[in-house]
Amino acid sequence: MNLDDLISEYAGIEGRLADPSVHADQNLARRLGKRYAELRPIVETHRELTATDDDLATARELAGEDETFAAEATELEKRREELEERLRRLLVPRDPNDGKDVILEIKAGEGGEESALFAGDLLRMYLRYAERSGWKTEVLDSHPSDLGGYKDVTVAVKAKGTPEDGVWTRLKYEGGVHRVQRVPVTESQGRIHTSAAGVLVSPEAEDVDVQIDPNDLRIDVYRSSGPGGQSVNTTDSAVRITHEPTGVVVSCQNEKSQLQNKEQALRILRSRLLAMAQEEADAAAAAERKSQVRTVDRSERVRTYNYPENRISDHRVGYKAYNLDQVLDGDLHNVTQALVDADRERRLAEGLGPETSQAS
């Protein structure tokens, strides 16, 4: 879409949002609100650039009569260049999921109980980062380990209101294998061990994004269990849903109600199916371009947390800092910003990215 189309779309959405009948459909109003917030910086920058062009033309015209206008014209030329650069960056094709919330899953990997403890550390890091960012979190499902870690845990992370950029903008780069180097609490001789946990991040799908045929689902119920396998419920409230066409399996046991667990499992299933569909579309359309930031390949090591050196390293963009304790306490902004910046520079240099999408 070109700039004129975006300005026209912005005006159209503005008119629709002023219509009270639109707000009767909360999902539609929310989608339009997010799209409106995405387009606002583009439209406002364009308006400021147009006003600057008018002021610059006037200053140049009067510069022959008054030297002060010549100086003003020089300042306006600098301002115009800044606005042009800002607009150029804003017009880089966006990821259509940037306005979405996310489903974040953390799974213990190799390393036994130490890996489960590290998965718990990652969970706390993300929960605190969400708190710092003003996001809301909801644990959808979890399987604790014996020593207080997690075999796996699933969390929904939501932005408040309709911001220009949603949670996906910052957390989409977190998917992959996270490696930790430290002395485990289970180590009696003080040796440093290396273990890992996997993080999967999916944009949270809405009903309009993924349509699921109930006939494609196999739903099993069972009793939920806690650490060590002991039963924590006397009723069959836990739910396991299998999407038979794809083989995707989701289970939830956190809620006491079977219906609530089913609803949570369906949320996770929709997000996984959306992520799968987008990965297939990306592979078919792009034959996997190489880039500094890879958001699809979740199997490769993406980051190392080195406790003895208090060092955090992101291997995709060469980011390294010695404030691991602060990062684990939720100060993750500089790490995610390095990935956001690398992806943006790649898009600017190569013109990559999905086409701008419209709210329906």
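Just so it is clear, the model here is predicted, and its values are computed rather than measured.

Each value, and the rule that gives it
Residues numbered from 1 in each chain as written. Predicted model: local features only at pLDDT ≥ 70, side-chain atom pairs only at ≥ 80, totals over all residues. Heavy atoms only, no water. UniProt positions renumbered as here; feature names shortened; annotations may be inferred. Helix = DSSP H or I, 4+ residues; strand = E, 2+ residues; numbered from the N terminus. Pairing = 2+ DSSP bridges. Axes fitted to C-alpha atoms, helices over the stretch in contact; angles between N-to-C directions. Expected span 1.5 Å × (residues − 1). Buried < 20%, exposed > 50% of the residue type's maximum accessible area, 1.4 Å probe, protein only. Contact = heavy atoms within 4.5 Å. 1 Å grid on protein atoms, 1.4 Å probe; cavity = no way out; pocket = protein on both sides within 12 Å on 5 of 7 lines; lining within 4 Å. Points joined across faces, edges and corners; volume = space filled by probe spheres on them. Core = buried A, V, L, I, M, F, W, Y, C linked by side-chain atoms within 4.5 Å. Parallel < 35°, antiparallel > 145°, perpendicular 65-115°, else oblique. Left-handed = near helix turned anticlockwise from the far one by under 90°. Nonpolar A, V, L, I, M, F, W, Y, C, P; charged D, E, K, R; others polar. Phe/Tyr/Trp six-rings, centres within 6.5 Å; stacked < 30°, edge-to-face > 60°. Lys NZ or Arg CZ within 6 Å of the ring centre and 35° of its normal. Salt bridge = Lys/Arg side-chain N within 4 Å of Asp/Glu carboxyl O.

Undergrad: Teacher, can you tell me more about the UniProt feature "coiled-coil region" (unreviewed entry) in the chain here?
TA: In the numbering used here, UniProt assigns the feature "coiled-coil region" (unreviewed entry) to residues 66-93 and 252-279. The straight-line gap between the two end C-alpha atoms of residues 66-93 is 43 Å; of that span, 86% is helix and 0% is strand.

Undergrad: Is there a simple way to think about the sheet that holds strand E8 (residues 248-252) in this case?
TA: Each strand in a sheet pairs with its neighbour through backbone hydrogen bonds, running either in the same direction (parallel) or in the opposite one (antiparallel). Strand order in the open sheet formed by 3 strands is E6-E7-E8, and the pairing between neighbours is antiparallel. Each edge of the open sheet is held by one strand with a lone partner, namely strand E6 (217-222) and E8. Direction aside, neighbouring strands of the sheet carry axes that sit 15° apart on average. Where E6 and strand E7 (residues 238-243) come together, 6 bridges link them in antiparallel fashion. The residue of E7 that forms the bridge with Ile-219 is Ile-241.

Undergrad: Explanation requested: helix H3 (residues 67-90) in the structure shown.
TA: Side chains that are three or four residues apart share a direction in an α-helix, a result of its 3.6 residues per turn. Along its 24 residues, H3 runs 35 Å from first to last C-alpha, staying within 8% of the 34 Å computed at 1.5 Å per residue. Those residues of H3 lying buried are Ala-73, Leu-76, Leu-83 and Leu-87. Each element contacted by the buried residues of H3 is listed here: helix H1 (3-17) and helix H2 (26-62).

Undergrad: Would you mind going over empty space enclosed by the protein with me for this structure?
TA: It is a probe the size of a water molecule, rolled over the atoms, that shows where empty space is left. Per the counting criterion, the structure on display carries 1 cavity of 30 Å³ or more. Space inside the largest cavity adds up to approximately 30 Å³. Considering the residues around the largest cavity, the lining is formed by Leu-104, Leu-123, Tyr-126, Leu-127, Thr-137, Val-155 and Val-157. Per-element tally for the lining of the largest cavity: the top contributor is helix H4 (residues 113-133), with 3 residues.

Undergrad: Quick question: what am I supposed to make of the pairing of E8 here?
TA: Side-chain positions along a regular strand alternate between the two faces of the sheet. Residues of E8 alternate between two faces, with Val-248, Val-250 and Cys-252 buried on one and Val-249 and Ser-251 left unburied on the opposite face. Both E7 and E8 contribute to a ladder of 5 bridges, which runs antiparallel. Each residue of the ladder has a partner; that of Arg-240, found in E8, is Ser-251. The hairpin turn running from E7 into E8, its antiparallel successor, is 4 residues long, and Gly-247 in that turn takes a positive phi close to 80°.

Undergrad: Is there a simple way to think about the nonpolar core in this case?
TA: For soluble globular proteins, nonpolar side chains are generally found buried alongside one another. Core analysis: the largest hydrophobic core is formed by 32 residues, its most contacted members being Ile-106, Leu-122, Tyr-126, Leu-171 and Tyr-305. Elements supplying a minimum of two residues to this core: strand E1 (102-108), H4, strand E3 (150-158), helix H5 (168-171), strand E5 (193-203), strand E11 (319-321) and helix H7 (324-328). At 8 residues, H4 tops the list of elements feeding residues into this core. Excluding residues that lie within four positions of it along the chain, Tyr-305 makes contacts with Phe-118, Leu-122, Met-125, His-178, Arg-179, Val-180, Gln-181, Arg-311, Ile-312, Leu-324 and Leu-328. By size, the runner-up hydrophobic cluster in this structure holds 17 residues, among which are Val-210, Leu-217, Ile-268 and Leu-274.

Undergrad: Please explain the packing of H2 against H3 as it appears in this structure.
TA: To describe two helices that pack against each other, one gives the angle between their axes and the distance between the axes. For the pair H2 and H3, the least separation of the axes is 9 Å and the interaxial angle reads 160°. One finds that H2 runs roughly antiparallel with respect to H3. Both H2 and H3 take part in a crossing whose hand is left-handed. Among the residues making up the contact of H2 with H3, the classes are represented as 12 nonpolar, 3 polar and 9 charged.

Undergrad: So what exactly am I meant to see when it comes to unusual backbone geometry here?
TA: Trans peptide bonds make up the majority, and among non-glycine residues the majority have a negative phi. The residue Asn-310 is not glycine, and still its phi comes out positive at about 50°. With respect to the secondary-structure elements, Asn-310 resides in the loop between strand E9 (301-306) and strand E10 (311-314).

Undergrad: Can you walk me through the packing of aromatic side chains in this structure?
TA: Aromatic rings in a pair are described by how distant their centres are and how their planes are angled relative to each other. For the structure shown, the criterion picks out 3 aromatic pairs. Between Phe-118 and Tyr-305, the aromatic rings sit 5.4 Å apart at their centres with planes inclined by 65°, giving edge-to-face as the arrangement. Here the residue Phe-118 occupies a position in helix H4, and Tyr-305 occupies one in strand E9, the gap between them amounting to 187 residues. For the pair Tyr-129 and Trp-135, a centre-to-centre distance of 5.4 Å together with 80° between the ring planes defines the contact as edge-to-face. Positioned above the aromatic ring of Tyr-307, the side-chain terminus of Arg-182 is 4.8 Å from the ring centre.

Undergrad: Help me understand the pattern of salt bridges, please; the structure alone is not making it clear to me.
TA: Where charged atoms of side chains with opposite charge meet at close range, the side chains can pair. Here the structure, examined in full by the defined rule, presents 33 salt bridges. The partner of Arg-35 in a salt bridge is Glu-38, and the shortest N-O contact between them spans 3.1 Å. Taken together, the residues span about one helical turn, with Arg-35 and Glu-38 both in helix H2 at a distance of 3 residues. Judged by its relative accessible area of 12%, Glu-38 is buried. Note that Lys-172 is salt-bridged to Asp-98, the shortest N-O span being 2.9 Å. With a gap of 74 residues between them, Lys-172 in the loop between H5 and strand E4 (176-182) and Asp-98 in the loop between H3 and E1 connect regions that are remote in the sequence. Of the two residues, Lys-172 and Asp-98, neither departs from the other in class, the shared state being buried.

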